[in-house]
Amino acid sequence: MDPSRNTDPRRMLAEVGDQSDETEFYTPMPAGYTPGQCKYVVVFGTVMSGLGKGIFASTLAKVFKDKGLSVAPIKLEGYLNRDSGTLNPYRHGEVFVLDDGMECDMDLGTYERMLNQDLTRLNFATSGQIFSRVLEKERRGGYLGRDVQMIPHVTGEVKNRLRELAVTTEADVVFVEIGGTVGDVENAYFIEAVRELAFEEGPGSVCQVVLTYVVEPAMLGEQKSKPAQLGLKQLMATGIHPQIIACRARNPVTRKVREKIAMYSNVPMDRVFSMHDCDSVYVIPEMLRGAGIDSAVLDILNLSDKADPEREERERAVWNDYIARFRNTNHPITVGIIGKYTSLRDSYASIIQAVEHAGVQLGAKVQLEWIDSTDLLEQNVAQRLKHVHGVIVPGGFGVRGVEGKLACIRHVRENGIPYLGLCYGMQIAVIEYARNVCGMEGANSTEIDTDGPYPVIDILPEQKRIEGLGGNMRLGGHDIDLSPGSIASSLHGDSEQIRLRFRHRYEVDPQFIAQLTEAGLIFSGRAPNHPIMQILELPRDTHPYFLATQAHPELTSRPLAPDPMFVGLITASLDYSGSLNCSGSLNYSGADASSKVGFTQADMKGASSPDNDNAPQNQIANAS
């Protein structure tokens, strides 16, 4: 061999990476990036989708963040849509909106909640985005006359996206979740891209983790590993050789099954662990630590020297306090969620989490009652809502189920049942109030009735001008000016301005605002310098808790920082239920949640066992 010949793959690729007409190598590198400077953890799935890859990736990322390392997650989705904005919730669960307006997969919500950090559009990539970038580059002559191919050009673009994220975030570790299942046509090039990435970055730079599913047929009464073995075999045929395997199952995976999986995958037994169903996704960090998975990844990536054990212990103590309070909630209440996608809980994933966060802070054991709005009528609404102590009407689009929501909102308004409206839930509340309090018979939204006599909800003129440019959605984070002394302001510590995320196109028509406010409706949150109403409420002496917002506060609720509007709803629901024997009006002021409902921090922790079998079952089996 010629000793002068460069055999280091990283230097070789750096030299020829951009000379697409001269070499088969094509590895574009973002400015400031050097191969090997960042570590990567890549998470694959086999056997079936919905195993909880996002939960695993976000949880492991949280553990690494607890250790003092900087982390950045990214979800790679195989579908050709540029984003998730047009996807039906029945197809892919809720659409999660980032502060910068990116409409993305619900797993991004899991990342934000687990890591307690805001993400951007750099943390989400679809095949539509990747192919668009490749085709735009081809039109500009970026490939120097080469025929553009899946390998190396499309896979090169995937690697470029990962490295761009590493440079922008200055992350020590980038966590890559590949959507779908091994064997899917649409994610095959993602898998090939990370195989190339591992080669180019060099040994000790990429850790490959597989989530697989261990079946347990009821007729057999035992766990079977054959589907997992076949899935692993298919993955290994692509050139991916996993270093860690997480076995998803309903019950703890037996040693015998883990031995079989280890034998078929060449993965040591201590790196094949059981990731079985548990009472909350927030207990998984301790599951990973208990199995030694975090230590194994540190060893694989040569990052042990960067870990800060003292910081990790401090973070663990705070997190475990949350888990202890979650398991010790002892004030039962029922909250009804009135929507039209109630048959698929993933449609309201962030709402479920926000309710849990608020319930844990207040010591409330919240039972969610799912009510399909298409089944609600004026004649049956009282009976259907008989057992609930609070009501949430979430966001949505279209006509179906609207009359049921109107009947529900009228009932809770007239009977003093605590209410929180989100997005569409605010719009429907305005329509209901206009019809039944202001006497505007036939009041409606132009989304539902374009020729109604009172279009109290409409697209604003400035939005109509945007429509011709391809979209009129109000997306992402926006500031909200709060009225002093309002419930909304008190919930947020008497703040004058807050920031929430939005996803809607219809607004309260300014021409009806005066008539609505004269009749008693309060618009306590408005867009700065625009006639856009963003929060409404009823006075405290009229209703114990009637609040609605055009925003989606559930998107920014975190386990250790629950959203104040949800805290307010659960507070009012506890009072309405009488379970705390509260008297008098609710106190909305102050940061300490316990002061709002008149019970102590000790009461919040409760007296039930940490192993309480009645703890809410927030299983991860259906998470994507």
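Predicted, not measured: the structure shown is a model, and the values here were computed from it. (Residues numbered from 1 in each chain as written. Predicted model: local features only at pLDDT ≥ 70, side-chain atom pairs only at ≥ 80, totals over all residues. Heavy atoms only, no water.)

**Some remarks on the packing of aromatic side chains**
Taken as a whole and assessed by the stated rule, the structure comprises 10 aromatic pairs. Pairing Phe56 with Phe273 gives two aromatic rings, centres 6.2 Å apart and planes at 40 degrees, and the pair type is tilted. Of this pair, Phe56 sits in helix α2 (residues 53–66) while Phe273 is found in strand β9 (residues 272–276), placing the two residues 217 residues apart along the sequence. For Phe273, a relative accessible area of 5% translates into the label buried. Ring pairing ties together the aromatic residues Phe131, Tyr189 and Phe190, which thus form one cluster. Lys62 extends its terminal NZ or CZ atom over the ring of Trp319, reaching a point 4.1 Å from the ring centre. Geometry around Phe502 places Arg474 over its ring, the cationic atom sitting 5.5 Å from the centre. (Phe/Tyr/Trp six-rings, centres within 6.5 Å; stacked < 30°, edge-to-face > 60°. Helix = DSSP H or I, 4+ residues; strand = E, 2+ residues; numbered from the N terminus. Buried < 20%, exposed > 50% of the residue type's maximum accessible area, 1.4 Å probe, protein only. Lys NZ or Arg CZ within 6 Å of the ring centre and 35° of its normal.)

**Section: the pattern of salt bridges**
In the structure shown here, the tally under the stated rule is 40 salt bridges. Among the salt bridges present, the one from Arg255 reaches Glu259, with a minimum N-O distance of 3.2 Å. Note that Arg255 and Glu259 are positioned in helix α9 (residues 255–265) at a spacing of 4 residues, about one turn of the helix. Residue Glu259 is classed as partly exposed on the basis of its relative accessible area, which comes to 39%. (Salt bridge = Lys/Arg side-chain N within 4 Å of Asp/Glu carboxyl O.)

**So, the sheet that holds strand β6 (residues 173–178)**
In sheet architecture, strand pairing relies on hydrogen bonds along the backbone and comes in two forms, parallel and antiparallel. An order of β5-β2-β6-β1-β7-β8-β9 is seen for the 7 strands of this open sheet, with the pairing classed as parallel. The open sheet has two edge strands with one neighbour each: β5 (124–126) and β9. Across the sheet, the mean angle separating the axes of adjacent strands is 20 degrees when strand polarity is ignored. Bridging between strand β1 (residues 39–45) and β6 involves 5 bridges; their strand directions are parallel. Following the sheet pairing, Val42 is matched in β6 by Val176. Across the sheet, helix α4 (residues 107–115) lies against β2 (71–77), β5 and β6, angled at about 170 degrees from β2, the strand it touches most. Taken strand by strand, helix α8 (residues 226–236) contacts β1, β7 (206–213) and β8 (244–249), and its axis lies near 150 degrees from that of β7. (Pairing = 2+ DSSP bridges. Axes fitted to C-alpha atoms, helices over the stretch in contact; angles between N-to-C directions. Contact = heavy atoms within 4.5 Å.)

**Some thoughts on the packing of helix α15 (residues 402–415) against helix α16 (residues 424–436)**
Two packed helices can be described by the angle between their axes and the distance between those axes. Two elements in contact, α15 and α16, have axes separated by 9 Å at closest approach and are oriented at 70 degrees. Comparing their axes, α16 and α15 come out roughly perpendicular. Seen from above, α15 lies across α16 with right-handed handedness. Contacts from Val402, Glu403, Lys405, Leu406, Ile409, Arg410 and Arg413 of α15 reach α16 at Tyr424, Gly425, Ile428, Ala429, Ile431, Glu432, Tyr433, Arg435 and Asn436. For the contact of α15 with α16, the per-class residue count stands at 8 nonpolar, 2 polar and 6 charged. (Parallel < 35°, antiparallel > 145°, perpendicular 65-115°, else oblique. Left-handed = near helix turned anticlockwise from the far one by under 90°. Nonpolar A, V, L, I, M, F, W, Y, C, P; charged D, E, K, R; others polar.)

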